[in-house]
Amino acid sequence: MNAEALRLESTEASPPLLRARGLTKVYGSGPAAVRALDGVDLDLYPGEFVVLLGPSGSGKTTLLNQLGGLDVPTAGDLWFGSLNLARASEAERTLYRRNAVGFVFQFYNLIPSLTARENVALITEIAARPMDPEEALRLVQLGERLDHFPSQLSGGEQQRVAIARAIAKRPAVLLCDEPTGALDVRTGVAVLEAIERVNRELGTLTVVITHNAVIADMADRVIHLMDGRIQHQRRNPQRVPPRALQW
Amino acid sequence: MSLLDLKLWRDLQRMKGQTLAVALVMGCGLAMLIMTRSLIHSLETTRQTYYRTHRFADVFVQLKRAPRSLVPRLAAIPGVAAVQPGIAVQVTVDLPGLDEPASGLVRSVPEDRPMELNRLFIRRGRELQPGRRGELLVSEAFAEANRLQPGDPLTLLLNGRRQEFRIAGVVLSPEIIFEARPGVSLPDNRTYGTFWMWESEIAAAYDLEGAFNHLTLMLAPGASAQAVCAELDRLLQAHGGRGAHARADHPSHVRVSDEIFILRTISIGFPTLFLAVAAFMTHAVLMRLLTLQREQIAILKAFGFTDAQIVVHYLKFGLVMATLAAVLGTGAGIALGHRLVALYHLFFRFPELHFRLDLAAVAVALGVGALAAAAGVATAVRKAARVPPAEAMRPEPPARYRPAWMERVGWGAYLSPAARMALRNLERHPAQAFFTVAGLALATALLIVPNCFRDSVDLLLGFQWDVVQRQDLNVGLVEPNSPAALSGLRRLPGVLAVEPIRAAPARLRFGPRSRQLAIVAVPAETLHSRVINKHWRQLSLPPSGLIVSAKLAEVLGARPGDLLEVEFLEGRRPVCHVPLVAVSEDLTGLGAHMELQALNRLLGEGDRVTGASFTLDPAQRAAFLRALKDIPQVSWVSIKDSLRANFRQTTAASINLIQRMYLAFAVVVAFGVVYNNARISLAERARELATLRVIGFTETEVAAVLLIELGILTLVAMPLGLLAGSGFATAIVEAINTETVRLPAVLTLRNYSFAIATVATAAFLSALIVLQRIRRLDLIAALRAPE
Ligand SMILES: Nc1ncnc2c1ncn2[C@@H]1O[C@H](COP(=O)(O)OP(=O)(O)OP(=O)(O)O)[C@@H](O)[C@H]1O
Ligand SMILES: [Mg+2]
């Protein structure tokens, strides 16, 4: 199935949430320049669960950072509705991140001086239409560890707090960069379940980077990156729940 | 370059600002140390060489008149190596350009033999020519103040007769490195000078042929000055000897020694403070650097680097800072030292006063700098060596936190998440918070000291010239006279009030201690030269008995009620026992006061005065001074405004220069400490702050997290700093307690406000820099694995 067909097929459902055209990111200049992204065209739809695969250095993180409004591309456009993130000001991108994007990182990046509840509340206090921090934590099965500090939580629990923090603002987009990279299989499954549940119950567009091809079976769509380009993508006939993944 | 050194180099480049801040603070301390130590060294060695090459005498005595035939007997006193009899007389000088009378001391140059002691240094022109009359040499300070050149004419009143002279040369003498009218602590070089002429010429004018009235002696090594003085006094008693004294009572010598003493006090107090702050900062920087590099250290150890290698690696950080500081400090110390030395040349007259680098001070400075750095590194490095290699294999465990006490007591609801992060962070790292507060407090404290110095000098001047001396000027007569002599002066134009003064040279003795000075007597209820107690109230002079200044009482070890022996050194030289009735406040020199009648009774010469103080109608002041020049009995005049102006140009200028240098250093340090602290906090929290930015916090919101914390620390530190600064300032300023000058520590609101404003400005600017850095924070890096 080629990319053009994929796009056509889904466009019929609803317009894309994020639309990249000729997205290019070059690091450095001259002979040392690295084309981390090289003309990526990509449409991402509401409610989709997308897995990004590709060898190390292929540009996955770079793409995710672009989608999250952390960085501006060297060339090309990236539309979120009518907002062109490629041309947006720092303040506009901050607002975009604040209201529309949830991030989950490989190393959790929780604020160690705040409890689980406070880490989540940090976001709910500034977001436009947040959910209750406790509700967000219940969604990731952490309703009982509200007042624990990060140092009192396991890695998997910390990552689930990070997910709760990311989704408490009811983001349109949830971006996860190797969310299970630092976790063992069992804990990883719990984290993936939380992500999957958020995607299913809140209808959040979810993009997950992973090195683990098995996880790709969870996705609606799997995109392979290679040297900063989309090498190929496929659509899974059906999503496999995390618990049933074959490791 | 080894790979560890490459890492050192890269790390240092990343920490440019902090490295420089530490080096600057340390450099300031070193510069100060080198500057003052070198100045002391320059003054001491120059004076020593000058004394030696120009044979500065050890013992001095003024007398009425003694025959030359007495000299061999004086030279035979055991312990005397050389004697130089001569003539010294007070004269009035008529300077056409000057509206007021000037005066000075004329000294003799022997014609029949070389000058044995206190040899002159010819700055310009030439020596006196043998056989030529009507020539004289002029002291450099006086010549410069009045723009006199060799070849210029100069009119002196010798024994009441006007005589024209021509200036042969401008000279220096080891006796007047500091030149001022006797008994005056502040110089006015325009109206007072020293002159030298052929002995026969003065002898003729004063009927002193074959006689001498001044004697200087050099002692054999190891001889006792006290014994020689006693013997001299005995032998010269019949010849009107005014009491022999050693160098310790020589005005110029004492003045230079006091200045060196003051410099020494400053050279210890200030740099010690600065270097303490620097050691502190180095410690803080390295401690926190090591915390940031915990994992790196663990990895290095996992790779097989030994503890020793790692310790050396981090010690190098300290050494780089210390080296940078040494370079900056030595450079600045030498440059500023040159300026200071040039300034000292204004009021200390040496043939040559060159800046001489005190190599010992540089060595000490380097040692202290390295030690400060090493002390800073020591604890930090020990901690580093203890990091187990296994740490590297795990991702960084989140630091342990708990609710702050404000939340534990139930106030948590009022706190924003940013405030909560700040408070918990402070509680989580109490040692770090303590050190930060201590550093900021020290920075505040440093600012207090130089300004306290300035305010104290201001107070001193106000005390001296507004509280004690209410007159406009003092006039001295050629010799003690009857009060009728003043009636002529009273009728001069513009005189509003006149008060008589009787000054009598005397030696005050209590037990084994004694001092030689002039007892000043004025009417009991005087309006001019007032005697002030320590509450700054005027003391009325009792009908009998002495009031001495607090410092003199301290020097003599006497208290009110004690009986002092007063040996008058002129006239019939009576020796009396006079009760000490009260102690007065006096911030310069040593003072002893009596009621006029009481003193005259003791002297037994009837009603006598030696001078008077005047209040004048300002409009007629010039006319008064011009008229004064024509009155032969007048020997000298000292004008308050001239002294004050002169003081501002010399002593005050030097104090101000030093004060401004120190203040500049203190400001640099305040900025260094505050900035450094902000940078370190930023570095430590970079990941956390970047995460906040990523999840949607604005730059300002993120900055608030950091700035609340820094703000709390700064607010806590400032009052502590003021307190500590007051303590340091009092200790350093009040250590300046010499017979020449005593400084009371004055702490003003202005001083405190300046310190607060400076630290607040530093904090504000640092906050701006932090904000700038937050703007440039690498968001993407924060998402990667922790370094
Ligand atoms: N800040 C940067 N400066 C220079 N080059 C960069 C920078 N960030 C990434 N690159 C380069 O861009 C390319 C893509 O990097 P990116 O981090 O997107 O890869 P990735 O697919 O996420 O790899 P991995 O699976 O290892 O995380 C790489 O060649 C990388 O070296
Ligand atoms: Mg990546």
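Being a predicted model, the structure only gives us computed values, none of them experimental.

## Details of the overall build of chain B
In terms of helices and strands, chain B carries 22 helices and 20 strands. C-alpha atoms of chain B, sized along the principal axes, occupy 105 × 55 × 50 Å. By sequence separation, contacts in chain B at least 24 residues apart represent 82% of the contacts at least 6 residues apart. Carbon and sulfur atoms provide 60% of the accessible area of chain B, an area that totals close to 31,800 Å². The averaged location of the 65 negative side-chain charges in chain B is 6 Å from the averaged location of its 83 positive side-chain charges.

## Some thoughts on the interface of chain A and chain B
Taken together, the contacts link 27 residues of chain A with 31 residues of chain B. Across the chain A/chain B interface, buried area totals approximately 2,700 Å², and carbon plus sulfur atoms make up 64% of it. Where chain A touches chain B, the interface holds four salt bridges. For A:Glu118, the salt bridge identified is with B:Arg420, shortest N-O distance 3.1 Å. One can count eleven residue pairs in polar contact (both at pLDDT 80 or more) joining chain A with chain B. Class assignment for the residues of the side of chain A that touches chain B results in twelve nonpolar, seven polar and eight charged.

## Description of the domain arrangement of chain B
Residues and elements named next belong to chain B. Each domain of chain B was delimited in the assignment, giving domain 1 (57-251), domain 2 (432-466 + 643-787) and domain 3 (467-642). Taken over C-alpha atoms, the centre of domain 2 sits 47 Å from the centre of domain 3. Each side of the interface is counted separately: domain 2 has 18 residues, and domain 3 has 21 residues. Regarding the contact of domain 2 and domain 3, the summed buried area is about 1,700 Å², with carbon and sulfur atoms giving 50% of it. Looking only at domain 2, the three residues that lose the most surface to domain 3 are Phe463, Glu739 and Arg742, adding up to 42% of its buried area. Along the contact surface separating domain 2 from domain 3 lie one salt bridge. Salt-bridge contacts for Arg515 lead to Glu739; the nearest nitrogen and oxygen are separated by 2.8 Å. Mapped by element, the contributors of at least two residues to the side of domain 2 that touches domain 3 are helix 13 (430-468) and helix 18 (640-649). Ranked by the residues each element gives to the side of domain 2 that touches domain 3, the list is headed by helix 13, at seven residues. The residue makeup of the side of domain 2 that touches domain 3, split by class, is eight nonpolar, six polar and four charged.

## What to know about helix 20 (residues 699-734) of chain B
Taking 1.5 Å per residue as the helical rise, helix 20 of chain B with its 36 residues ought to reach 52 Å, and the 49 Å between its terminal C-alpha atoms agrees with that figure. Residue B:Val705 marks the point of greatest curvature in helix 20 of chain B, where the axis turns by about 30°.

## Side note on the side chain of B:Lys640
Residues and elements named next belong to chain B. Within the secondary structure, Lys640 sits in helix 18. Buried and unpaired, Lys640 has no salt bridge, with Asp466 as the nearest side chain of opposite charge at 4.7 Å. With residues up to four places along the chain from it excluded, the contact list for Lys640 reads Trp465, Gln469, Arg470, Gln471 and Asp472.

## Some remarks on the site of ligand 1
Every one of the 14 residues lining ligand 1 counts as a neighbour, but A:Ser56, A:Lys60, A:Thr61, A:Thr62 and A:His211 are closest to it. Looking at the residues close to ligand 1, they fall on chains A and B. In the model, an oxygen atom of ligand 1 is placed 2.7 Å from a nitrogen or oxygen of the A:Lys60 side chain. A:Thr61 is positioned such that a nitrogen or oxygen atom in its side chain is 2.6 Å from an oxygen atom of ligand 1. Protein chains bury 63% of the 630 Å² of accessible surface belonging to ligand 1 in isolation. Counting only elements with at least two residues in the shell around ligand 1, the list comes to strand 2 (34-44) and helix 2 (60-67) of chain A.

## Examining the packing of helix 13 of chain B against helix 18 of chain B
All names here are of chain B. Look at helix 13 against helix 18: their axes get within 11 Å of each other, and the N-to-C directions meet at 170°. Looking at the two axes, helix 13 sits roughly antiparallel to helix 18. Across the interface between the two elements, Leu461, Trp465 and Asp466 from helix 13 touch Lys640, Leu643, Arg644, Phe647 and Arg648 from helix 18. When the residues that make up the contact of helix 13 with helix 18 are grouped by side-chain class, the tally is four nonpolar, no polar and four charged.

## Let's talk about the sheet that holds strand 9 (residues 221-226) of chain A
Residues and elements named next belong to chain A. Strand order in the open sheet made by the six strands is 6-7-8-3-9-10, with mixed pairing throughout. Looking at strand neighbours, the two that pair on one side only are strand 6 (101-104) and strand 10 (229-235), the edges of this open sheet. Neighbouring strand axes in the sheet, compared pairwise and without regard to direction, differ in orientation by 20° on average. Note: strand 6 against strand 7 (residues 173-177), four bridges, orientation parallel. Note on strand 7: the bridge partner recorded for Val101 is Val173. Its contacts with the sheet put helix 3 (residues 90-100) on strand 6 and strand 7, and the angle it makes with strand 6 is roughly 80°.

## What about the environment of B:Asp472?
Residue and element names in this part refer to chain B. Mapping Asp472 onto the fold places it in the loop between helix 13 and strand 12 (473-481). Those residues in contact with Asp472 that lie beyond four places of it in its chain are Phe614, Thr615, Leu616, Ser638, Ile639 and Lys640. Only 2.7 Å separates the side chain of Asp472 from the backbone nitrogen of Leu616, close enough to count as a polar contact.

## Quick word on the sheet that holds strand 2 (residues 80-86) of chain B
Paired through backbone hydrogen bonds, the strands of a sheet run either parallel or antiparallel to each other. All names here are of chain B. Taken in spatial order, the four strands of this open sheet run 2-10-1-11, and their pairing is antiparallel. In this open sheet, the two edge strands, each paired with only one partner strand, are strand 2 and strand 11 (245-246). Of the strands in this sheet, strand 1 (59-67), strand 2, strand 10 (211-219) and strand 11 are in contact with helix 6 (residues 225-236), which crosses strand 1 at around 15°.

## Observations concerning the nonpolar core
Membership of the largest hydrophobic core comes to 108 residues, with the highest contact counts inside it found for B:Leu43, B:Phe274, B:Tyr344 and B:Tyr662. Per-element accounting of this core gives the leading share, 19 residues, to helix 13 of chain B. Not counting residues within four places of it along the chain, the set of residues in contact with B:Tyr344 comprises B:Leu39, B:Leu43, B:Glu259, B:Leu263, B:Leu353 and B:Ile658. Core analysis: the second largest hydrophobic core is formed by 55 residues, A:Leu67, A:Ile123, B:Val705 and B:Ile780 among them.

## Looking at the pattern of salt bridges
The final tally for this structure, using the stated rule, is 51 salt bridges over all chains. We note a salt bridge from B:Arg693 to A:Glu90, for which the minimum N-O separation is 2.4 Å. Linking B:Arg693 in helix 19 (residues 651-694) with A:Glu90 in helix 3, this pair reaches from one chain into another. For A:Glu90, a relative accessible area of 30% puts it in the partly exposed group. Across the pair B:Arg14 and B:Asp11 runs a salt bridge whose closest N-O atoms are separated by 3.2 Å. In this pair, B:Arg14 and B:Asp11 are both assigned in helix 1 (residues 3-14), three residues apart and thus about one turn of the helix distant. In this structure B:Arg14 comes out as exposed when scored by relative accessible area, which is 51%.

## Side note on the pairing of strand 18 (residues 592-595) of chain B
Side-chain direction in a regular strand flips from residue to residue, so the side chains alternate between the two faces of the sheet. Residue and element names in this part refer to chain B. Neither face of strand 18 is left uncovered, since the one carrying Ala592 and Met594 and the one carrying His593 and Glu595 both have all their residues buried. Of the pairings in the sheet, the one linking strand 14 (residues 513-522) to strand 18 comprises four bridges and is parallel in character. Counted as the bridge partner of Val522 is Glu595 from strand 18. Across two bridges, strand 15 (residues 546-549) lies against strand 18 in antiparallel orientation. Directly across from Val548, in strand 18, lies its bridge partner Ala592.

## A word on empty space enclosed by the protein
Residue and element names in this part refer to chain B. As enumerated under the stated definition, the model contains eight cavities of 30 Å³ or more in all. Space inside the second largest cavity adds up to approximately 160 Å³. Gln84, Arg107, Ser108, Met115 and His214 are the residues nearest the centre of the second largest cavity, which is lined by 15 residues in total. Taken together, the elements giving at least two residues each to the lining of the second largest cavity come down to strand 2, strand 4 (102-109) and strand 10. If one sorts the elements of the lining of the second largest cavity by residue count, strand 2 sits on top with three residues.

## Some points on unusual backbone geometry
Residues and elements named next belong to chain A. Of note in this structure, Tyr108 is not a glycine but carries a positive phi near 65°. A relative accessible area of 10% places Tyr108 in the buried class. Located in the positive-phi region is Gln141, a residue other than glycine, with phi close to 65°. With respect to the secondary-structure elements, Gln141 resides in the loop between helix 5 (133-139) and helix 6 (155-167).

The rules behind the values
- Residues numbered from 1 in each chain as written.
- Chains lettered and ligands numbered in written order.
- Predicted model: local features only at pLDDT ≥ 70, side-chain atom pairs only at ≥ 80, totals over all residues.
- Heavy atoms only, no water.
- Helix = DSSP H or I, 4+ residues; strand = E, 2+ residues; numbered from the N terminus.
- Contact = heavy atoms within 4.5 Å.
- Areas by Shrake-Rupley, 256 points an atom, 1.4 Å probe, with all protein chains shown as cover.
- Lys, Arg positive; Asp, Glu negative; His and termini not counted.
- Charge placed at Lys NZ, Arg CZ, Asp CG, Glu CD.
- Buried area = accessible area lost by both parts, 1.4 Å probe.
- Salt bridge = Lys/Arg side-chain N within 4 Å of Asp/Glu carboxyl O.
- Polar contact = N/O pair within 3.5 Å; in protein donor to acceptor, adjacent residues only side chain to side chain.
- Nonpolar A, V, L, I, M, F, W, Y, C, P; charged D, E, K, R; others polar.
- Domains from an automatic or database assignment.
- Expected span 1.5 Å × (residues − 1).
- Bend = angle between axes of the 7 residues up to and from the residue.
- Buried < 20%, exposed > 50% of the residue type's maximum accessible area, 1.4 Å probe, protein only.
- Near = heavy atom within 4 Å.
- Axes fitted to C-alpha atoms, helices over the stretch in contact; angles between N-to-C directions.
- Parallel < 35°, antiparallel > 145°, perpendicular 65-115°, else oblique.
- Pairing = 2+ DSSP bridges.
- Core = buried A, V, L, I, M, F, W, Y, C linked by side-chain atoms within 4.5 Å.
- 1 Å grid on protein atoms, 1.4 Å probe; cavity = no way out; pocket = protein on both sides within 12 Å on 5 of 7 lines; lining within 4 Å.
- Points joined across faces, edges and corners; volume = space filled by probe spheres on them.

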